[in-house]
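# Examining the three-dimensional arrangement
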Amino acid sequence: MNAVEKRSVTIRGHRTSYSLEKPFYDDLVAIAATRKLTLAALVAEVDETRPRDTNLSSALRLYVLGWAKRSADV
């Protein structure tokens with residue numbers, strides 16, 4: 001089992017943090033590269049579209065899961 005690592009990012013001019021296990025973080029970095037986005041831009045996109053009652057870390061995990069499912073369907 002991978003330990004959760006806390007990371008910080010600046011989005012829309014303010015610092016925020018999220019906690020992810022390394023496999024989720026690695027996939028998030030790969031997705032950002034595939035989409036030709038910075039990691040901060042991808043995190044900001046997920047942050048903007050997440051339901052307000054969902055924390056950022058959970059939203060990022062769900063984003064990675066959704067990306068993996070869509071990729072498996074192709």
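This is a predicted model, so every value here is computed, not measured. All residue numbers refer to positions counted from 1 along the written sequence of the respective chain. Thresholds applied to this predicted model are a pLDDT of at least 70 for local features of residues and 80 or more for the giving and counting of side-chain atom pairs; totals over whole chains, interfaces and linings are not thresholded and use all residues. Just so you know, side-chain values use all the structure's heavy atoms and leave hydrogens and water out.

### Digging into the overall build of the chain
Secondary structure elements are taken from DSSP: a helix is a run of H or I of four residues or more, a strand is a run of E of two residues or more, and numbering for both begins at the N terminus. Secondary structure summary: the chain contains 3 helices and 2 strands in total. Helices (α) and strands (β) of the chain occur, in sequence order from the N terminus, as β-β-α-α-α. The C-alpha atoms of the chain give 12 Å as radius of gyration, which agrees with the globular expectation for 74 residues (11 Å, within 12%). Judged by the C-alpha coordinates and their principal axes, the chain covers about 35 × 30 × 25 Å. Expressed as a percentage of contacts within the chain between residues at least 6 apart in sequence, the contacts between residues at least 24 apart total 40%. Entry remark: accessible area of the chain is about 4800 Å², with carbon and sulfur atoms responsible for 55%. The averaged location of the 9 negative side-chain charges in the chain is 3 Å from the averaged location of its 12 positive side-chain charges. Note that the radius of gyration is over C-alpha atoms, with the globule rule given as 2.2 Å times the number of residues to the power 0.38. Two residues qualify as a contact provided that any one of their heavy atoms is within 4.5 Å of a heavy atom in the partner residue. Working definition of accessibility: Shrake-Rupley area with a 1.4 Å probe, residue cover restricted to the visible protein chains. Under the convention used here, Asp and Glu are negative, Lys and Arg are positive, and both His and the chain ends fall outside the count. The location of each charge is read from NZ of Lys, CZ of Arg, CG of Asp or CD of Glu.

### Points about the pattern of salt bridges
Only one rule defines a salt bridge in this text: a Lys or Arg side-chain nitrogen within 4 Å of an Asp or Glu carboxyl oxygen. According to the stated counting rule, one finds 7 salt bridges in the structure shown. A salt bridge links Arg12 to Glu48; the nearest nitrogen and oxygen atoms lie 3.4 Å apart. Remark: Glu48 occurs in helix 2 (residues 39-49) and Arg12 occurs in the loop between strand 1 (4-11) and strand 2 (14-21); sequence separation between them is 36 residues. For Glu48, a relative accessible area of 53% translates into the label exposed. For Arg61, the salt bridge goes to Glu21, with nearest N and O atoms at 3.0 Å. Taken together, the positions of Arg61 in helix 3 (residues 56-73) and Glu21 in strand 2 put the pair 40 residues apart, joining distant regions of the chain. Relative accessibility under 20% of the residue-type maximum defines a buried residue, over 50% an exposed one, and the middle range a partly exposed one, all with a 1.4 Å probe and only protein chains included. When its relative accessible area of 21% is taken as the criterion, Arg61 is described as partly exposed. Judged by relative accessible area, which is 18%, Glu21 ranks as buried.

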